Structures are given as C-alpha cells and as structure tokens.
Amino acid sequence: MAQRIDYAVFPGVRDEAFLATVNKVFGHVRRSQLNTRDFREWMKDEGLWNKDDAQHILSLLDLHTDGTARLGPWAEKFFAAPDDDQAKELLYKRLADENTLLVKYVLEALDIEGGGRLHSTYELHRMLTSYVYPGKPIALVPFQNWIKWIVASGRVKLIGIRWGLTDLGKQAVPRLRAIDVDEFMEDEAAAAQAGAPPPPP
C-alpha cells in the first residue's frame, strides 16, 4: 500500500514503551505458536486488544493471524534487531514505505533549516487535508496515531508544545526532498492501473 491512511496504536501503551511492546508481542508469537483465537485472548489479557483497531496495528506491524499468528518478513527483521537504534530505523523505513508522501510532507514541514517550522498536530493535519497535500487525506485520529509511530521511530520529537525534528529526522530530509512528487504519483497511478504494488521511492 503506497498511501496507508489507517493507523492505530496499542491501547494504554505509553509512547516511550512502543518499541518494547512490539517486541513483547513478537516474542510471544514466536515462542508460543498460537492460533488466531489464542493470540487474540492473550492480547486481551495483556490489555493490548481493541477490536476496531487491531487489524490496522497488525497490518502495519506485518503480523499475520490467518489461522495461526506469525511474523511476516518485516516483523522478523524488527524482532531480530540487536538494539533500539536499528529497531527505530526499521520502523521509520516501514512508515516511509507504507506512505512515502505522508512522511515527506510532515518531515519537510518540520524542517526549520529548510524553511519549515515547529507545528502542532492540528496544524500538520490541516496541511494534510488542504490543497497543498497531493496524497490521500488522512483523518485526524489516524494521523494522531501516526504521529506516535513516527515519534517511536526517532525522527520527530516534542519541542515545547509543538513537533520538531530530531537529529535523525533532519538527516532524513535531504533524501525526502529528492523525491519527485509528480513522478511518484504517476508511478502509483500506473501501478494501480496494472494491478501491481507501486515501486518503492
């Protein structure tokens, strides 16, 4: 999916515990070989299950529950990451692959050195639902959840009461600026017409 716009987070998990919670879930899946029902019941016992949001979380995290709970290729890489720095890198790449335009426009908007500024969540959301943004509009709650994931990836942080870039976020901007939006949209349209997933940017 080139423009994922459905994002959810584990209920009740503090922002700083996102990575540890993902690893906790992945580790239990790897050790226990659960069927779908047992996995769901374990998630409920851990306070991590919300029926309405579950599929969005599992899809983003490449966790499959078609009969048995199992990790997909990205989830396997994440679980094998030797430290938080590599886990954050993998999460960032996942978010960028799932919605390149969303990552590009938000990080560029927060790039003070490149003409951007600090923004609140609502200011960023207004930009993403305006004519300025060429991608699919994202609703406010999914965007608030996406912000939590991009923060967990180590690219965005709270500065005062607004969002700004971390050092890693600043390092990501030049590559994002190099993405030609018109070409990206043309490639996506061509891929959709052909029934194939769009190529990575």
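Our subject is the structure listed above.
Now for a quick tour of the structure. The model shown is predicted, which means the values in this text are computed figures rather than measured ones.

So, about helix α7 (residues 121–128). Within α7, 6 of the 8 residues are buried, which leaves it mostly tucked inside the rest of the structure. When we look at burial in α7, the residues that qualify are Thr 121, Glu 123, Leu 124, His 125, Met 127 and Leu 128. Contact partners of the buried residues in α7: α6 (100–109), α8 (140–152) and β4 (162–165).

Membership of the largest hydrophobic core comes to 62 residues, with the highest contact counts inside it found for Phe 10, Leu 107, Trp 146 and Trp 149. Sort the elements by how many residues they give to this core and α6 lands first, with 7 residues. With residues up to four places along the chain from it excluded, the contact list for Leu 107 reads Tyr 92, Ile 150, Arg 155, Val 156, Leu 165, Gly 169, Ala 172, Val 173 and Leu 176.

Evaluation of the coordinates by the stated rule reveals 5 aromatic pairs. Ring centres of Trp 74 and Phe 78 lie 5.2 Å apart, and the angle between their planes is 35 degrees; this geometry places the pair in the tilted category. A residue pair is termed a helical-turn pair when its members lie 3 or 4 positions apart in one helix, as Trp 74 and Phe 78 do in helix α4 (residues 73–80) at 4 residues. Ring centres of Tyr 105 and Tyr 133 lie 5.3 Å apart, and the angle between their planes is 85 degrees; this geometry places the pair in the edge-to-face category. On the criterion of sequence distance, the pair formed by Tyr 105 in helix α6 and Tyr 133 in the loop between α7 and α8 is long-range, its members being 28 residues apart. For the pair shown, Tyr 105 and Tyr 133 are each scored as buried. Through pairs of rings, three or more aromatic residues link up here, namely Phe 26, Trp 74 and Phe 78.

Quick look at unusual backbone geometry now. Positive phi values are uncommon outside glycine, yet Gln 33 reaches one of about 50 degrees. On the secondary structure map, Gln 33 appears in the loop between α1 (18–32) and α2 (36–45). On the basis of relative accessibility, which here comes to 72%, the residue Gln 33 falls in the exposed class. Non-glycine residue Asp 62 carries a positive phi angle of around 60 degrees. Structurally, the position occupied by Asp 62 is in the loop between α3 (54–60) and β1 (63–64).

What follows deals with the packing of α6 against α7. With their axes 11 Å apart at the nearest point, α6 and α7 run at an angle of 130 degrees to one another. It follows that α6 is oblique to α7 by the angle criterion. At the point where α6 passes α7, the crossing takes the right-handed sense. On α7, the residues touching Leu 102, Tyr 105, Val 106 and Ala 109 of α6 are Leu 124, Met 127 and Leu 128. Of the residues in the contact of α6 with α7, the class split is 7 nonpolar, no polar and no charged.

Conventions adopted
- Sequence order as written defines the numbering, with residues in each chain counted from 1.
- Per-residue local features of the predicted model are confined to residues with pLDDT of at least 70, and side-chain atom pairs are confined, for both listing and counting, to 80 or more; whole-chain, interface and lining totals are unaffected and use all residues.
- The side-chain figures draw on all heavy atoms in the structure; neither hydrogens nor water molecules are used.
- The rule is simple: take the accessible area with a 1.4 Å probe, protein chains only, and divide by the maximum for that residue type; under 20% is buried, over 50% is exposed, in between is partly exposed.
- The helix and strand labels rest on DSSP assignments: H or I over at least four residues marks a helix, E over at least two residues marks a strand, and numbering proceeds from the N terminus.
- Throughout, a residue-residue contact means that at least one pair of heavy atoms, one from each residue, lies within 4.5 Å.
- Take the buried residues of types Ala, Val, Leu, Ile, Met, Phe, Trp, Tyr and Cys, join any two whose side-chain atoms come within 4.5 Å, and each joined set is a nonpolar core.
- What counts as a ring pair is set by centres within 6.5 Å for rings of Phe, Tyr and Trp (its six-membered ring), and what kind of pair is set by the plane angle: stacked under 30 degrees, edge-to-face over 60, tilted for all other angles.
- Axis lines are fitted through C-alpha atoms, for helices just across the contact stretch, and the angle between N-to-C directions can take any value from 0 to 180 degrees.
- Oblique is the label for any angle not under 35 degrees, not over 145, and not in the 65 to 115 range, which are roughly parallel, roughly antiparallel and roughly perpendicular in turn.
- It is the rotation of the near helix from the far one that decides the hand of a crossing: anticlockwise by less than a right angle makes it left-handed, clockwise makes it right-handed.
- Residues are grouped as follows: Ala, Val, Leu, Ile, Met, Phe, Trp, Tyr, Cys and Pro are nonpolar; Asp, Glu, Lys and Arg are charged; every other residue, Gly included, is polar.

Distances and angles like these do not, on their own, reveal function.
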